[in-house]
There are 2 protein chains.
Amino acid sequence: MANIKDIAKMAGVSVTTVSRVINNHPYVSFEKREAVLRAIEVSKYEKNINAVHLSKGKTFLIGIAIPFSNHPFFALIVEGIANEALNNNYKLVLFQTNYEEFREIEALDMLKQKQIDALIICSRICQWDTIDAYLDYGPIIFCEDTRDKKVSSIFMDHYKSFSKALEYLHFKGHRKVGICVGRRTGFNGEQRILAYRDFLNKINEPFESEYIFSDCYDFENGEEIVQRLINMNNPPSALLVSNDQVAAGIVTCSKEKRISIPHELAIIGFDNQPIAKIMNITTIEIPLVEMGRKLFLRAINNKNISQEEISVKLVERLTV
Amino acid sequence: MANIKDIAKMAGVSVTTVSRVINNHPYVSFEKREAVLRAIEVSKYEKNINAVHLSKGKTFLIGIAIPFSNHPFFALIVEGIANEALNNNYKLVLFQTNYEEFREIEALDMLKQKQIDALIICSRICQWDTIDAYLDYGPIIFCEDTRDKKVSSIFMDHYKSFSKALEYLHFKGHRKVGICVGRRTGFNGEQRILAYRDFLNKINEPFESEYIFSDCYDFENGEEIVQRLINMNNPPSALLVSNDQVAAGIVTCSKEKRISIPHELAIIGFDNQPIAKIMNITTIEIPLVEMGRKLFLRAINNKNISQEEISVKLVERLTV
DNA sequence: CTGTTAGCGCTTTCAA
DNA sequence: TTGAAAGCGCTAACAG
C-alpha cells in the first residue's frame, strides 16, 4: 500500500507538496498538482488516518455512552448526535454501558488516551469524583443538570417537568397519584422522586412507598405494574410514567385486564414517542433529537463550560 | 502530558525498556521495571493510543453500519456485537446510515483509511460492485446470504423462514395471505417476496399486488396498514409481518377498529421481541444477540471467508 | 510556489 | 537484559 513518500517519488515532488494537494492547501502549481493527482490515481493511494491523528493529536471521533441501545429515548438522542456529527465530519464511538460502571470508565479511558476527542455521557453511572479525574483529558458533556458543577451539559429539568405533569394530574382531579421511574438513584431519579414528594406535601397526601414503581424501562415492564396495581387494595387513580414505552405497556395490559383508561386509571407518559401518538397516550414531549444535536455541538466546542436547559411540553391526549 | 521519552529520561532507561514495561514484555530487571513504574506513577503518564495504532497498523475498532439505531431488530444485533466486543477488547464505531448510500460509503472509507479494523454491514445499501472495491482493505461482514459471493456472512435464510411462516398460515386454513415487509429492494426483501410468490403458486392463488405492504418498519406503520385493509373490498385473512413492532401496531389498531384477531385477521410477526410476548403475537424467533456475537467474531478473525446460516423458530401464540 | 526537515509517540529489530 | 536507532505515515515550521 502506497504512502505519501511513494507518491512524492512517483510524482517527482516532495512529500510536503503531496500533503498540500491531499489537504487542498493553496500554493501548488497546476502541473505538480496534476502530477500528484495522477500518482495517487495509479497507485490507489489512501492516506492512513492514524498517522494523521498522531500528527494532529485529534481523531474526529466523539464517544457517546448510553445504557442501552435498544431504548427509544437514547436512540433518539443518538440520532440527533449522529446527524450533527455527519455535518461536522465526526464519527461516533458507541459505548453501551448497560449501567455497568466499568464500561463507562472504558469510555473515559479512551478519552484519556486520546482515541476520542470528547465524550458525551447520556446517563452517568460513575460518581462525580471518578469523573473529575478525567476532566483534564478532554470535554465531557452530560445530559443532566450540572449547574452546580464545573462541567457542561444539555439537560431537561426533571424536577420541573415531573412537577408539571403531577400538577396536571391534580388539576384533572387526581389525588392518589403513583409514579413509574427507571433508576431511583442518579441525579435524575432523585429529582423526580423529590418532585413527587414535594407534590404530595403540597396537596397534603401521604407518601405511599408502594406508589413508586422503579426499574421501569420497557414495554414489558407494564405487565408487572398492572399486576401489582390489581393486587393493591388502595391503588392509585393515576400514574405518571417516566417513559412512553412503559406507559404503552401499562395501557395495553390494562385493556386486557379490563381496567378502563382514563376512568379507573389515568396515565401520563414521557417523551412523546410514536407509540404514544398511536395509542393516544397523554405525554410530555422532550425534543430529544434537538438535544442530541446540541450535545454534539458542545462536545466539539467546549471552550467555556455551560449548562443549557431544554424545555418540555405537555401533549394532551386520551389517557388522562 | 508526559510521553514515553519523558518516562525513559525520568527512570534513567531507554524508551525500549519503558515500552517493554508498559506492554508487559519479559527481560526487564526488577529495578528498572520499578523505576519505570514509579516514573509513570508520578508523571501521570498515559500512552497515546494513536501512536500505537500508527505503529501497529491496527486500531481495535470495529465499524458497524445499521440503518436505524432506534429499531429493536438492529439494537439487538448491536447488543450481541457490543457484548462480544467487550470480551475481546474492541470498541465499536457506529454508523447510522438511514439507508443513505453515502453514509455506508463513509464507513467503507474508514476501513480503507484503517481507522477501523473491520466493518460489519447489517443491512447493505450499496451495490456489490461498490463493495468489491473495498474488499482488499479489510474484512467486511454481512448479515445476508452471500453464499454466491466471496465475502463472509452470518445470515438467516429469509426465503426459508418466510416460507415456513407462510406454510403455517396455510396449514391454519388461510389462503388469502398478505405480507408486510421493509424494503422491497435489497437481497433480503427480494428473497421474501420470492418466497411469497412461490407460496402463492404452490397453493394456486393469484398474486395480488395490494396484498404486499412495503416500507413497514415501526409500530406506527401498523395504523396505515389497518386503514388500507379496511378500505379493501377483498382483504387478506392473514398477514405475515416482517417485524414484531409493525405486527404490534397492526394488532393494536385492529383492536381499536374492532377487527377481531385472529378470527377476522391472523397476524404472524418476526423476531420474537418482548412486545410480541406481551401482546401474545405469534412470531418467528431469530437469535439476534447470538447473531451479533458471531458477526463480531468473524469480523476479528476472517482468515478464510465463510457463510453461516442462523436458523429460526416458530413461536405459536394467539394471533393465528 | 516548493522542498527540507524535524517532529508526533510508540514498536521493534538488531547488536551488544 | 538493555539500548540505539530505524521506522510507522503524515503535518507544519521554516528557509528558500
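- Chain A has the name LacI family DNA-binding transcriptional regulator in an unreviewed UniProt entry, where Metabacillus hrfriensis is given as its organism.

So, the protein's contact with DNA strand C
Here is step 1 of the chain: Taken together, the neighbourhood of DNA strand C is formed by 23 residues, with T16, T17 and S29 of chain A together with I4 and Y45 of chain B sitting nearest.
Here is step 2 of the chain: A share of 59% of the atoms of DNA strand C within 4 Å of the protein falls on sugar and phosphate groups.
Here is step 3 of the chain: Within the side chain of T17 of chain A, an N or O atom sits 2.7 Å from a phosphate oxygen of DNA strand C.
Here is step 4 of the chain: Within the side chain of R20 of chain A, an N or O atom sits 2.9 Å from a base oxygen of DNA strand C.
Here is step 5 of the chain: Taken together, the elements giving at least two residues each to the surface near DNA strand C come down to α2 (15-22) and α4 (49-56) of chain A together with α2 (15-22) and α4 (49-56) of chain B.

Regarding the relation of the copies chain A and chain B
Here is step 1 of the chain: After a rotation of 180 degrees and a shift along the axis of 0.1 Å, chain A superposes on chain B with an RMSD of 0.3 Å. Both copies of the chain, as the preceding transformation shows, are related through a two-fold rotation axis. Closest approach to the rotation axis within chain A is made by the C-alpha atom of V93 of chain A, at a distance of 2.2 Å.
Here is step 2 of the chain: A share of 100% of the interface residues of chain A reappears at the interface of chain B, consistent with the copies meeting face to face through the same patch.

Focus: the layout of surface pockets
Here is step 1 of the chain: Space inside the largest pocket adds up to approximately 760 Å³.
Here is step 2 of the chain: Mapped by element, the contributors of at least two residues to the lining of the largest pocket are α11 (244-256) of chain A together with α11 (244-256) of chain B.
Here is step 3 of the chain: Residue classes in the lining of the largest pocket are distributed as ten nonpolar, eight polar and six charged.

A closer look at the protein's contact with DNA strand D
Here is step 1 of the chain: Contacts to DNA strand D come from 23 residues, most closely from I4 and Y45 of chain A together with T16, T17 and S29 of chain B.
Here is step 2 of the chain: When atoms of DNA strand D within 4 Å of the protein are split into backbone and base, the sugar-phosphate part holds 60%.
Here is step 3 of the chain: A distance of 3.3 Å is found between a phosphate oxygen of DNA strand D and a backbone nitrogen or oxygen belonging to S14 of chain B.
Here is step 4 of the chain: Contact distances for DNA strand D include 2.5 Å between a phosphate oxygen and a side-chain N or O atom of T17 of chain B.
Here is step 5 of the chain: Listed by contribution, the elements that provide at least two residues to the surface near DNA strand D are α2 and α4 of chain A together with α2 and α4 of chain B.
Here is step 6 of the chain: The element best represented in the surface near DNA strand D is α2 of chain B, accounting for four residues.
Here is step 7 of the chain: Classifying every residue of the surface near DNA strand D gives nine nonpolar, eleven polar and three charged.

Examining empty space enclosed by the protein
All names here are of chain A.
Here is step 1 of the chain: One pass over the structure, following the stated rule, counts five cavities of 30 Å³ or more.
Here is step 2 of the chain: The computed volume of the largest cavity comes to approximately 390 Å³.
Here is step 3 of the chain: Looking at the largest cavity, it is lined by 25 residues, and the ones nearest its centre are F73, F74, Y99, N188 and R192.
Here is step 4 of the chain: Elements that contribute at least two residues to the lining of the largest cavity include exactly α5 (72-87), α9 (186-203) and β9 (266-271).
Here is step 5 of the chain: Top contributing element to the lining of the largest cavity by residue count: α9, with four residues.
Here is step 6 of the chain: Considering only residue class, the lining of the largest cavity consists of twelve nonpolar, ten polar and three charged.
Here is step 7 of the chain: Looking at which domains feed residues into the lining of the largest cavity, each of domain 2 (56-156 + 288-310) and domain 3 (158-285) supplies at least three.

With respect to the domain arrangement of chain A
Here is step 1 of the chain: On domain assignment, one finds that chain A holds domain 1 (4-47), domain 2 (56-156 + 288-310) and domain 3 (158-285).
Here is step 2 of the chain: Taking only C-alpha atoms, the centre of domain 1 of chain A and the centre of domain 3 of chain A are 64 Å apart.

Points about a negative patch on the surface
Here is step 1 of the chain: A contiguous patch of negative charge, built from E220, E223, E224 and E256 of chain A, is present on the exposed surface.
Here is step 2 of the chain: Relative to the helices and strands, E223 of chain A resides in helix α10 (residues 221-231).

Quick notes on the pairing of strand β6 (residues 177-180) of chain A
Residue and element names in this part refer to chain A.
Here is step 1 of the chain: Where burial is concerned, the two faces of β6 agree: the one with V177 and I179 and the one with G178 and C180 are both buried.
Here is step 2 of the chain: Here β6 runs beside strand β8 (residues 238-241); their pairing, made up of four bridges, is parallel. Each residue of the ladder has a partner; that of I179, found in β8, is L240.
Here is step 3 of the chain: Two strands pair when backbone bridges link them, and β6 and strand β7 (residues 212-213) are joined in this way by two bridges, in the parallel orientation. Bridging from a neighbouring strand, I179 pairs with I212 of β7.
Here is step 4 of the chain: In this fold, β6 hands off to α9, which returns the chain to β7; that crossover is right-handed.

Regarding the pattern of salt bridges
Residues and elements named next belong to chain A.
Here is step 1 of the chain: Taken as a whole and judged by the stated rule, the model has 30 salt bridges over all chains.
Here is step 2 of the chain: K294 is the salt-bridge partner of E290, the closest N and O atoms lying 4.0 Å from each other. In this pair, E290 and K294 both sit in helix α13 (residues 288-300), four residues apart, roughly one turn of the helix.
Here is step 3 of the chain: On the basis of relative accessible area, E290 is assigned to the partly exposed category, the value being 30%.

Section: the packing of aromatic side chains
All names here are of chain A.
Here is step 1 of the chain: In the structure shown here, the tally under the stated rule is 20 aromatic pairs over all chains.
Here is step 2 of the chain: Through pairs of rings, three or more aromatic residues link up here, namely F60, Y90 and F296.
Here is step 3 of the chain: Here the basic side chain of K58 rests over the ring of F60, its NZ or CZ set 4.0 Å away from the ring centre.
Here is step 4 of the chain: Here R197 stacks its cationic end above the ring of F207, 3.9 Å away from the centre of that ring.

Thoughts on the packing of helix α5 (residues 72-87) of chain B against helix α13 (residues 288-300) of chain B
Residues and elements named next belong to chain B.
Here is step 1 of the chain: One can describe the packing of α5 onto α13 by two numbers: an axis separation of 7 Å at closest approach and a directional angle of 50 degrees. Between α5 and α13, the angle is such that the two are oblique. As α5 packs across α13, the resulting crossing turns out to be right-handed. When α5 is examined against α13, the residues F73, L76, I77, G80, I81, E84 and A85 are found in contact with a partner set consisting of L288, V289, G292, R293, L295, F296 and L297.
Here is step 2 of the chain: Of the residues belonging to the contact of α5 with α13, the class tally is ten nonpolar, two polar and two charged.

The rules behind each value
Residues numbered from 1 in each chain as written. Chains lettered and ligands numbered in written order. Predicted model: local features only at pLDDT ≥ 70, side-chain atom pairs only at ≥ 80, totals over all residues. Heavy atoms only, no water. Near = heavy atom within 4 Å. Polar contact = N/O pair within 3.5 Å; in protein donor to acceptor, adjacent residues only side chain to side chain. Helix = DSSP H or I, 4+ residues; strand = E, 2+ residues; numbered from the N terminus. Least-squares fit on C-alpha atoms with pLDDT ≥ 70 in both. Contact = heavy atoms within 4.5 Å. 1 Å grid on protein atoms, 1.4 Å probe; cavity = no way out; pocket = protein on both sides within 12 Å on 5 of 7 lines; lining within 4 Å. Points joined across faces, edges and corners; volume = space filled by probe spheres on them. Nonpolar A, V, L, I, M, F, W, Y, C, P; charged D, E, K, R; others polar. Domains from an automatic or database assignment. Patch = residues over 30% accessible without salt bridge, like charges linked within 9 Å, V, L, I, M, F, W, Y side chains within 5 Å. Areas by Shrake-Rupley, 256 points an atom, 1.4 Å probe, with all protein chains shown as cover. Salt bridge = Lys/Arg side-chain N within 4 Å of Asp/Glu carboxyl O. Lys, Arg positive; Asp, Glu negative; His and termini not counted. Charge placed at Lys NZ, Arg CZ, Asp CG, Glu CD. Buried < 20%, exposed > 50% of the residue type's maximum accessible area, 1.4 Å probe, protein only. Pairing = 2+ DSSP bridges. Right-handed = clockwise from strand over helix to strand, strands pointing away. Phe/Tyr/Trp six-rings, centres within 6.5 Å; stacked < 30°, edge-to-face > 60°. Lys NZ or Arg CZ within 6 Å of the ring centre and 35° of its normal. Axes fitted to C-alpha atoms, helices over the stretch in contact; angles between N-to-C directions. Parallel < 35°, antiparallel > 145°, perpendicular 65-115°, else oblique. Left-handed = near helix turned anticlockwise from the far one by under 90°.

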